[in-house]
Amino acid sequence: MANLRFGAVEEAFKKRPLEVKTPTERPEHFYGKYVFNRARMYKYLPVDVYQKLIDVIDNGTRLDRSIADAVAQGMKKWAEEHGATHYTHWFQPLTEGTAEKHDAFVEHDGKGGMIEEFSGKLLVQQEPDASSFPNGGIRNTFEARGYSAWDPTSPVFIIEDTLCIPTIFISYTGEALDYKAPLLKSLHAVNVTATKVCQYFYQDVKQVHTNLGWEQEYFLVDEDLYFARPDLMLTGRTLMGHDSAKNQQMDDHYFGTIPERVQAFMKDLEIQALELGIPCKTRHNEVAPGQFELAPIFEECNLAVDHNMLLMSLMKKVAHKHRFRVLLHEKPFAGVNGSGKHNNWSLSTDNGILLHAAGKTFNDNLRFVVFIVETLMAVYKHNGLLKASVMSATNDHRLGANEAPPAIISSFLGRQISDLLEHIEKSDKENIFNLSGKTGLRMDIPEIPELLIDNTDRNRTSPFAFTGNRFEFRAVGSEANCASAMIVLNTAMAEALQNFSERVDTLVAKGEDQTSAIIDVLREDIKTCKPIHFDGNGYSESWKEEAKRRGLDCESNCPKCFDRYLDEDAIKMFESMNVMKRNELEARNEVKWETYTKKIQIEARVMGDLAMNHIIPVATHYQSQLAKNVQNMVNIFGDVEGKQLSERNIKIIREIAERTNIIEAGVEELVNARKQANKIESQREKAIAYHDTIAPKMEEIRYQIDKLELVVSDELWTLPKYRELLFIR
Ligand code: ADP
Ligand code: MG
């Protein structure tokens, strides 16, 4: 029997790093080479068109359709100079990936020939027949029209021969069918309510932007080994595989020397990412063997989300070129760390004030405390929803496992901020006032700003940690679209800030001094949001108990977590902030449940196939070899002595028989459980059935398979083992 595994291992060993030429230019010269950025807009567009477009981008004014033709002309000219022949509306459907349909610039010229054309109409709006994208029932197939509409705030870019135009994707009747449309609305909502709050402190603030700096974790696996693992190919994770004797115990991979082939991949990836305007900055080995991380400098949230989507597809392409496969799955390997995407999030004003950073004056620090506390209010009020925003069948393996943020949302603040909040809450208001009045500068805890800059007080177990001038949302899954989490966080923040300013205004209308009113409301909120603040160990058992007592959302059943989107509080929040309507939320939940079911369904099928076609045949083959050996021994030594000498083999023969029986029965139960679940009409109930009956059954089968891997001869085992997948590169 030719063993694919050994062929793959041999091929993998032979591979050498590809040579990646360092560009002769410095990054500043090739950064954004394939992006239609402001400098290029200025160069390729008439001045008045340029100014109108910038006004749309900077101030959110409505796009004047009359400039669309001129913009399209300019874009096309620039794109053609880079050899582009096609264009596409590039959007982010609810499948987690990106979608594109390429059209050539060519049109009939009316004289039997062709001309290359790109009109404003085609730039601004298109109607992809998109009936097969998930829509949760919003768009019936007979009304299959979905519109993609240009998002001018994210610049167009070129990939190979195609001009890519970032767009939103909505139904004929205006409901969002993607991530970008609600994201843009949530960003607008924060902008409005945060600007209002800012104006208590700084009259000249006109806009507030949301920043996002994501850190992307991923695994690399040699391509030949990947192809010898049907589970990796079809589900993105290993459904079986015993721990490697050595994995991450020694902590020798984290921040270690980057392996050469990987280094070449990273270099190639970074050059191409920089050319696409993604400001890559950091790269390093992560905790698990074979795991790495890439982080750019933070950017405006909408752009950062686009860049993350773009980077994920670029990673796949570049990995392939280096004969690797990139695994973005949150938990490709059991027993070692999984991958996440830390979302560093903060707000800043159009005149450059970082609202989550402390300042030097009393005014700055009061503003700082307001934004910290209102963030906590947002996270507290919607903690279950925030968790739902990052939950998925794949991230489910990571959340709550003792390595990643627990499946309970809480926020870490660190010593100094905790003390500061306690101080504001406990001391009487006159005191805070007098003190600040006296010094004129500081809010009674003079060392705060200085200490914060050097914030080393880190808690890796917190899902939502304050890290000096931003919050870091660490529960986001590595393959997720960051927008899902950002939509909820931004909308919740917008609501909290609106609520805050309404209460302040009411007090002011009653004649209270504004600063005094702000402190009053703050003190109230500091008390209210206390349950969300937790600086301790998020992995501990005692925290689970404590969190329950505090009334935080402790649901860990993924399909049930999605219910939070349909709580009245959540619907009210999304509707009042103009981000999503009830029917959109309902439709999206249908998609979430359906996606959950399908993922587990595919895994269960692959597991059944592998168990029956790889594992049981190999194990029984080995068992026959052993049986033959026992028979030989009996022939030589006679029945009693022969069996005595074959004790170990007989034990293994029995073990194989027992385990394969359990596996076979398990696979049958798995099939039956699926048949039962598939009969269920409701998407929600079906997903719950998959969660409750099918997922655990797979774990049971896996356990038996992993035990077999330990006893069956290595020579016969067909699936590349963990040590090979994780260490050969
Ligand atoms: P870590 O130590 O957690 O790995 P890094 O210092 O590498 O964090 O930064 C992680 C990300 O946070 C980067 O994308 C960085 O640009 C981003 N970041 C830094 N400051 C802010 C901020 N104020 N708001 C949002 N993101 C930020
Ligand atoms: Mg981080």
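In this text the structure is predicted, and so the values were computed from the model without any measurement.

Student: For the layout of surface pockets, give the residues involved together with the corresponding values.
Tutor: Considering only enclosed or pocket space, the largest pocket measures out at about 1700 Å³ in volume. In this structure, the largest pocket is lined by 47 residues; those nearest its centre are Val56, Ile57, Asp151, Thr153 and Leu184. Elements with a contribution of two residues or more to the lining of the largest pocket: helix H3 (38-44), helix H4 (47-59), strand E6 (146-150), strand E8 (162-171), helix H7 (180-198), strand E9 (208-222), strand E12 (299-300) and helix H11 (301-321). Residues of the lining of the largest pocket, tallied by class, amount to 20 nonpolar, 19 polar and eight charged.

Student: Could you give an account of unusual backbone geometry, with specific residues and numbers?
Tutor: Positive phi, close to 50 degrees, is recorded for Glu160, a residue that is not glycine. If you check the backbone angles, Asn578 has positive phi at about 60 degrees while not being a glycine. Secondary-structure assignment places Asn578 in the loop between helix H21 (568-576) and helix H22 (582-637). What makes Asn578 exposed here is its relative accessible area of 60%.

Student: Got a sec to walk through empty space enclosed by the protein? Specific residues and values, please.
Tutor: Per the stated rule, a full pass over the model turns up six cavities of 30 Å³ or more. Space inside the largest cavity adds up to approximately 390 Å³. Considering the residues around the largest cavity, the lining is formed by 26 residues, among which Glu96, Tyr179, Met391, Ser392 and Lys592 are closest to the centre. Counting residues per element, the ones that place at least two in the lining of the largest cavity are helix H13 (383-390), helix H17 (482-509) and H22. Among the elements that take part in the lining of the largest cavity, H22 stands out by supplying six residues, more than any other.

Student: Provide a residue-level description of helix H5 (residues 68-81), including the pertinent values.
Tutor: Residues separated by three or four positions in an α-helix point in the same direction, a consequence of the helix having 3.6 residues per turn. Between its first and last C-alpha, H5 extends 20 Å over 14 residues, near the 20 Å set by a 1.5 Å rise per residue. Residues of H5 that are buried: Ala68, Val71, Ala72, Gly74, Met75, Lys76, Trp78 and Ala79. Two residues or fewer after H5 comes Gly83, characterised by a positive phi angle close to 85 degrees.

Student: Report on the packing of aromatic side chains, specifying residues and quantitative values.
Tutor: If you walk through the whole model with that rule in mind, you get 22 aromatic pairs. Their ring planes at 55 degrees and their centres at 6.1 Å tell us that Phe368 and Phe466 sit as a pair that is tilted. With Phe368 in helix H12 (residues 362-381) and Phe466 in strand E16 (residues 464-466), the pair connects residues that are 98 residues apart, well separated along the chain. Judged on exposure class, the residue Phe368 and its partner Phe466 are both buried. Of the aromatic side chains, those joined through ring pairs into one cluster are Phe368, Phe464, Phe466, Phe471 and Phe473.

Student: How would you sum up the pairing of E8? Please name residues and give values.
Tutor: With nine of ten residues buried, E8 is to be regarded as a mostly interior element. Relative to E8, strand E1 (residues 86-91) runs parallel, the two being bridged by five bridges. Each residue of the ladder has a partner; that of Trp90, found in E8, is Pro166. Bridge count between E6 and E8: five bridges; the pairing is antiparallel.

Student: Hey, could you go over helix H25 (residues 683-711) for me, with residue numbers and the actual values?
Tutor: Along its 29 residues, H25 runs 41 Å from first to last C-alpha, staying within 8% of the 42 Å computed at 1.5 Å per residue. In the structure, H25 departs most strongly from a straight axis at His691, where the bend amounts to approximately 30 degrees. Structurally, the start of H25 carries an N-cap: the backbone nitrogen of Arg684 is 3.2 Å from a side-chain oxygen of Ser682.

Student: Could you give an account of the packing of H22 against helix H24 (residues 647-678), with specific residues and numbers?
Tutor: Where H22 contacts H24, the two axes come as close as 9 Å, and the packing angle between them is 160 degrees. Here H22 is positioned roughly antiparallel relative to H24, judged by the angle of their axes. Of the two possible hands of crossing, H22 and H24 adopt the one that is left-handed. Its residues assigned to classes, the contact of H22 with H24 comprises 18 nonpolar, seven polar and three charged.

Student: How would you sum up a nonpolar patch on the surface? Please name residues and give values.
Tutor: Together, Phe227, Met233, Leu234 and Ile602 give the surface a local cluster of nonpolar side chains, amounting to about 360 Å² of exposed area. For Met233, the location among the structural elements is in helix H9 (residues 230-235). Take Met233: its relative accessible area is 39%, and that puts it in the partly exposed class.

Student: Quick rundown of the side chain of Asn308? Include the residues and the values.
Tutor: Along the chain, Asn308 turns up in helix H11. In this structure Asn308 comes out as buried when scored by relative accessible area, which is 0%. Sequence-distant contacts of Asn308, that is, excluding residues within four places in its chain, are made with Trp214, Gln216, Lys341, Ala480 and Cys482.

Student: I'd love a proper account of the coordination of the magnesium ion (ligand 2), names of residues and values included.
Tutor: Here the magnesium ion (ligand 2) is held by Glu215 (OE), Glu215 (OE) and Glu472 (OE), and the distances to it run 2.2 to 2.6 Å. A residue pair is termed long-range when its members are at least 10 positions apart, and Glu215 in strand E9 and Glu472 in strand E17 (residues 471-473) qualify at 257 residues. Glu472 shares its class with Glu215; the two are buried.

Student: Give a detailed account of the packing of H12 against helix H18 (residues 514-528), specifying residues and quantitative values.
Tutor: Running from N to C, H12 and H18 cross one another at 35 degrees; their axes reach a closest spacing of 10 Å. As H12 packs across H18, the resulting crossing turns out to be left-handed. Residues Phe362, Leu366, Val369, Val370, Val373, Glu374, Met377 and Tyr380 of H12 form the contact with H18, whose participating residues are Thr515, Ile518, Ile519, Leu522, Asp525, Ile526 and Thr528. Split into classes, the residues belonging to the contact of H12 with H18 amount to eleven nonpolar, two polar and two charged.

Student: How would you sum up the nonpolar core? Please name residues and give values.
Tutor: Grouped together as the largest cluster of nonpolar side chains are 160 residues, with contacts concentrated most on Tyr218, Phe371 and Phe574. The residues touching Phe574, leaving out its near neighbours within four places in the chain, are Leu385, Ile487, Val488, Thr491, Tyr565, Val579, Met580 and Leu585. Among the nonpolar cores identified, the runner-up in size contains 27 residues, and Phe36, Ala68, Ala72 and Leu123 belong to it.

Student: Before we move on, can you summarise the confidence of the model for the protein chain with the specific residues and values?
Tutor: Taken over all residues, the pLDDT of the protein chain has a mean of 90, while the share at 70 or more is 92%. Complex prediction metrics read pTM 0.94 and ipTM 0.96.

Student: Can you explain the pattern of salt bridges? Please cite residues and give values.
Tutor: Per the stated rule, a full pass over the model turns up 46 salt bridges. The partner of Glu546 in a salt bridge is Arg550, and the shortest N-O contact between them spans 2.8 Å. With relative accessibility at 25%, the residue Glu546 sits in the partly exposed group. Between Lys697 and Glu669 there is a salt bridge, with its nearest N and O atoms 2.6 Å apart. One end of the pair, Lys697, is in helix H25; the other, Glu669, is in helix H24, with 28 residues separating them in the sequence.

Student: Just give me the short version of the environment of Ile165, but keep the residues and values in it.
Tutor: Tracing the chain through its elements places Ile165 in strand E8. Taking relative accessible area as the criterion, Ile165 reaches 0% and is therefore assigned buried. When near neighbours in sequence (up to four residues on either side) are disregarded, Ile165 contacts Thr88, His89, Trp90, Phe118, Leu123, Trp150 and Val156.

Cut-offs and rules
- Residues numbered from 1 in each chain as written.
- Chains lettered and ligands numbered in written order.
- Predicted model: local features only at pLDDT ≥ 70, side-chain atom pairs only at ≥ 80, totals over all residues.
- Heavy atoms only, no water.
- 1 Å grid on protein atoms, 1.4 Å probe; cavity = no way out; pocket = protein on both sides within 12 Å on 5 of 7 lines; lining within 4 Å.
- Points joined across faces, edges and corners; volume = space filled by probe spheres on them.
- Helix = DSSP H or I, 4+ residues; strand = E, 2+ residues; numbered from the N terminus.
- Nonpolar A, V, L, I, M, F, W, Y, C, P; charged D, E, K, R; others polar.
- Buried < 20%, exposed > 50% of the residue type's maximum accessible area, 1.4 Å probe, protein only.
- Expected span 1.5 Å × (residues − 1).
- Phe/Tyr/Trp six-rings, centres within 6.5 Å; stacked < 30°, edge-to-face > 60°.
- Pairing = 2+ DSSP bridges.
- Bend = angle between axes of the 7 residues up to and from the residue.
- Polar contact = N/O pair within 3.5 Å; in protein donor to acceptor, adjacent residues only side chain to side chain.
- Axes fitted to C-alpha atoms, helices over the stretch in contact; angles between N-to-C directions.
- Parallel < 35°, antiparallel > 145°, perpendicular 65-115°, else oblique.
- Left-handed = near helix turned anticlockwise from the far one by under 90°.
- Patch = residues over 30% accessible without salt bridge, like charges linked within 9 Å, V, L, I, M, F, W, Y side chains within 5 Å.
- Areas by Shrake-Rupley, 256 points an atom, 1.4 Å probe, with all protein chains shown as cover.
- Salt bridge = Lys/Arg side-chain N within 4 Å of Asp/Glu carboxyl O.
- Contact = heavy atoms within 4.5 Å.
- Donors = N, O, S within 2.8 Å, 3.2 Å for Na, K, Ca; no water.
- Core = buried A, V, L, I, M, F, W, Y, C linked by side-chain atoms within 4.5 Å.
- pLDDT = per-residue confidence, 0-100.

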